[in-house]
Amino acid sequence: MIAPERNGAQLHALYEEIFLDTGICTADVDYINAHGTGTLANDGIEVDVLIRGFPHLPLINSTKSLIGHTLGASGAIEAVFTAKSLCEQTTHVCNNLSEPIADINFVTQVKPERIEVALSQSLAFGGHNSLLGMRRLVLE
């Protein structure tokens with residue numbers, strides 16, 4: 001009841017929905033702030049969905065690696081970190097990532113990055129999942 005589907009169907013459907021709603025496509029996404037709880041089961045499902053869904057593998061990290069899991073506040077905090085990444089054109093690292101579960105584009109050092117479109121994903125018990133898309137806006 002509380003575990004995500006092993007095949008990642010819920011998360012995959014969430015990505016399809018945001019792409020339909022916003023008109024962006026996988027190639028537009030430069031950065032994903034993943035749910036990333038640090039558990040093999042949850043992180044494994046997330047990584048599988050990202051590998052299948054993103055041929056170019058955008059930058060990926062998880063705010064929880066720095067602050068832990070704040071339960072109900074996680075989504076809001078991660079959204080702020082994602083917005084800050086868009087504004088500052090950099091991300092934070094995946095802390096304590098010594099043995100990644102897959103060879104994907106995890107952020108391992110802070111450096112300038114081109115980030116125009118970012119996603120912040122939050123997964124919750126019972127399938128209460130959210131995916132927030134953000135686009136960089138430059139005012140002249």
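All figures in this text were calculated on a predicted structure; none of them were measured in a lab.

Definitions and cut-offs
Residues numbered from 1 in each chain as written. Predicted model: local features only at pLDDT ≥ 70, side-chain atom pairs only at ≥ 80, totals over all residues. Heavy atoms only, no water. Helix = DSSP H or I, 4+ residues; strand = E, 2+ residues; numbered from the N terminus. Expected span 1.5 Å × (residues − 1). Buried < 20%, exposed > 50% of the residue type's maximum accessible area, 1.4 Å probe, protein only. Contact = heavy atoms within 4.5 Å. Phe/Tyr/Trp six-rings, centres within 6.5 Å; stacked < 30°, edge-to-face > 60°. Arc of directions from axis to C-beta. pLDDT = per-residue confidence, 0-100. Polar contact = N/O pair within 3.5 Å; in protein donor to acceptor, adjacent residues only side chain to side chain.

Moving on: helix α2 (residues 40–53). Along its 14 residues, α2 runs 19 Å from first to last C-alpha, staying within 8% of the 20 Å computed at 1.5 Å per residue. Considered for burial, the residues of α2 that qualify are Asp 43, Gly 44, Ile 45, Glu 46, Val 47, Val 49 and Leu 50. Summarising the contacts, the buried residues of α2 are in contact with α1 (9–22), β1 (31–33), β2 (59–61) and β3 (117–122).

On to the side chain of Asn 61, then. Position of Asn 61 among the secondary structure elements: in strand β2. Excluding its chain neighbours within four sequence positions, the residues that come into contact with Asn 61 are Tyr 31, Ile 32, Asn 33, Ala 34, Thr 91, His 92, Cys 94 and Val 107.

According to the stated counting rule, one finds three aromatic pairs in the structure shown. Centroid distance Tyr 15 to Phe 54: 5.4 Å. Interplanar angle 80°. Geometry classified as edge-to-face. With a gap of 39 residues between them, Tyr 15 in helix α1 and Phe 54 in the loop between α2 and β2 connect regions that are remote in the sequence. Under the relative-accessibility criterion, Phe 54 is labelled buried at 2%. A centroid spacing of 6.2 Å and a plane angle of 70° characterise the contact between Phe 19 and Phe 54, whose relative ring orientation is edge-to-face.

Since the α-helix packs 3.6 residues into each turn, any two residues three or four apart lie on the same face. Counted at 1.5 Å a residue, the expected span for helix α4 (residues 74–88) with its 15 residues is 21 Å, and the 21 Å between its end C-alpha atoms agrees. Turning to α4, its buried residues are Ser 74, Glu 78, Ala 79, Thr 82, Ser 85 and Leu 86. Angularly, the buried residues of α4 cover 125° about the axis, an arc narrow enough to put them on a single face. Facing away from the buried surface of α4 by more than 90 degrees, the exposed residues are Ala 76, Val 80 and Cys 87. Those residues of α4 that are buried lie in contact with β1, α3 (64–67), β3 and β4 (130–135). Downstream of α4 by one or two residues, Gln 89 has phi in the positive range, about 55°.

Residue-level pLDDT values for the protein chain average 87, and 96% of them are 70 or greater. α3 is the least confidently modelled element of the protein chain, averaging 82 in pLDDT, while β1 averages 96, the highest of any element.

It is worth spelling out the side chain of His 35 at this point. With respect to the secondary-structure elements, His 35 resides in the loop between β1 and α2. A distance of 3.2 Å separates a polar side-chain atom of His 35 from the backbone nitrogen of Leu 123. Every residue in contact with His 35, bar those within four places of it in the chain, is listed here: Glu 46, Ser 62, Lys 64, His 69, Glu 78, Gln 121, Ser 122 and Leu 123.

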